[in-house]
Amino acid sequence: MLSLLLLHRLGNRIRIIETIIISFLLHTRTHELIFILATRTSSQDIVETTTKSKLTILHSCKGYNSGHTFPCPCYIGMKQMNDDTVVFNQCQLGIRNGAHHGRTQVKIHPNSMGMAVYSNQLNLCGGKEGSCHCTCFDQDSVKGEVGFRTSISIDGDDVPGFMTDCLGLCGPNCTQGDGKGVRFASILVHDICQSFIRSTDAMPNRNACSDEGWSALSAAISSVIQNGPCPIS
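Residues numbered from 1 in each chain as written. Predicted model: local features only at pLDDT ≥ 70, side-chain atom pairs only at ≥ 80, totals over all residues. Heavy atoms only, no water.

Enquirer: Even after reading the chapter, I still don't get the pattern of salt bridges, so can you show me in this structure?
Expert: Between side chains of opposite charge, a pair can form as their charged atoms come close. For the structure on display, the rule yields 2 salt bridges. The closest approach of N and O atoms between K62 and D84, which form a salt bridge, is 3.1 Å. With a gap of 22 residues between them, K62 in the loop between α4 (43–53) and β1 (69–73) and D84 in the loop between β1 and β2 (86–89) connect regions that are remote in the sequence. Residue K62 is classed as partly exposed on the basis of its relative accessible area of 38%. (Salt bridge = Lys/Arg side-chain N within 4 Å of Asp/Glu carboxyl O. Helix = DSSP H or I, 4+ residues; strand = E, 2+ residues; numbered from the N terminus. Buried < 20%, exposed > 50% of the residue type's maximum accessible area, 1.4 Å probe, protein only.)

If you want it as structure tokens, here you go:
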């Protein structure tokens, strides 16, 4: 789960948290600018390269098992769905296509499915190829203390992802909010990405999902405010 040591130490001192986070953002402004510039690729270019790469575009997660994972274009959003599958994506191209992101609360209705879109590169929109992975999940995956893993991983199609608990909650092992707290879109995307790359590294880090982690910073603050401090273990 997304774990911020800084937020853990500050606990419920919200004003102090905000002051330190603002200072932190000022020091990392260049890092963020790199991510912003890297994601400003035209939709047309992404479509052309993903067509050549033969990435899969599913228009629904219904009929697939929770955890089903496949390579997909990074621009996937709600506009690509033909039913009530809810798409979560931090890439600006996906956001333009209606994907839920940032501090949006995770809400999946009974008998509905969700789809998380993420890149295992240090670029939210998958770099020049626009290549991401998509993972389907059901309502039960975002309720209570439930473990979740991707069906494939960075290590191969026959190797599942690492088990992660309480998708969308800040901190590991369902300890924030006892698995019953408010869940946020960007934290969920980071959690599923971490499962795919088979990592349990706490934020801050520089692994292949750290761009999803940094983009979930505002959601982590909201999670602390609504659910309590982010635990680190």
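Enquirer: Explanation requested: helix α6 (residues 185–196) in the structure shown.
Expert: Since the α-helix turns once every 3.6 residues, residues separated by three or four places project in the same direction. Taking 1.5 Å per residue as the helical rise, α6 with its 12 residues ought to reach 16 Å, and the 17 Å between its terminal C-alpha atoms agrees with that figure. Burial runs high along α6: 12 of the 12 residues are buried. A positive backbone phi angle near 55° is found at R198, which sits one or two residues after α6. (Expected span 1.5 Å × (residues − 1).)

Enquirer: Help me out: how do you make sense of the state of the cysteines in this one?
Expert: In a disulfide, the sulfur atoms of two cysteines are covalently bonded to one another. What the rule picks out here adds up to 5 disulfides. A sulfur-sulfur separation of 2.1 Å characterises the disulfide bridge that pairs C72 with C134. Looking along the S-S bond of the C72-C134 disulfide, the torsion reads about 90°, which is the right-handed sense. Here C134 lies in strand β4 (residues 131–138) and C72 lies in strand β1, a separation of 62 residues in the sequence. Take C134: its relative accessible area is 0%, and that puts it in the buried class. Residue C91 pairs covalently with C125 via a disulfide, S to S 2.0 Å. Because the torsion about its S-S bond is 100°, the bridge between C91 and C125 counts as right-handed. A residue pair is termed long-range when its members are at least 10 positions apart, and C91 in the loop between β2 and α5 (92–96) and C125 in the loop between β3 (113–118) and β4 qualify at 34 residues. (Disulfide = S-S within 2.5 Å.)

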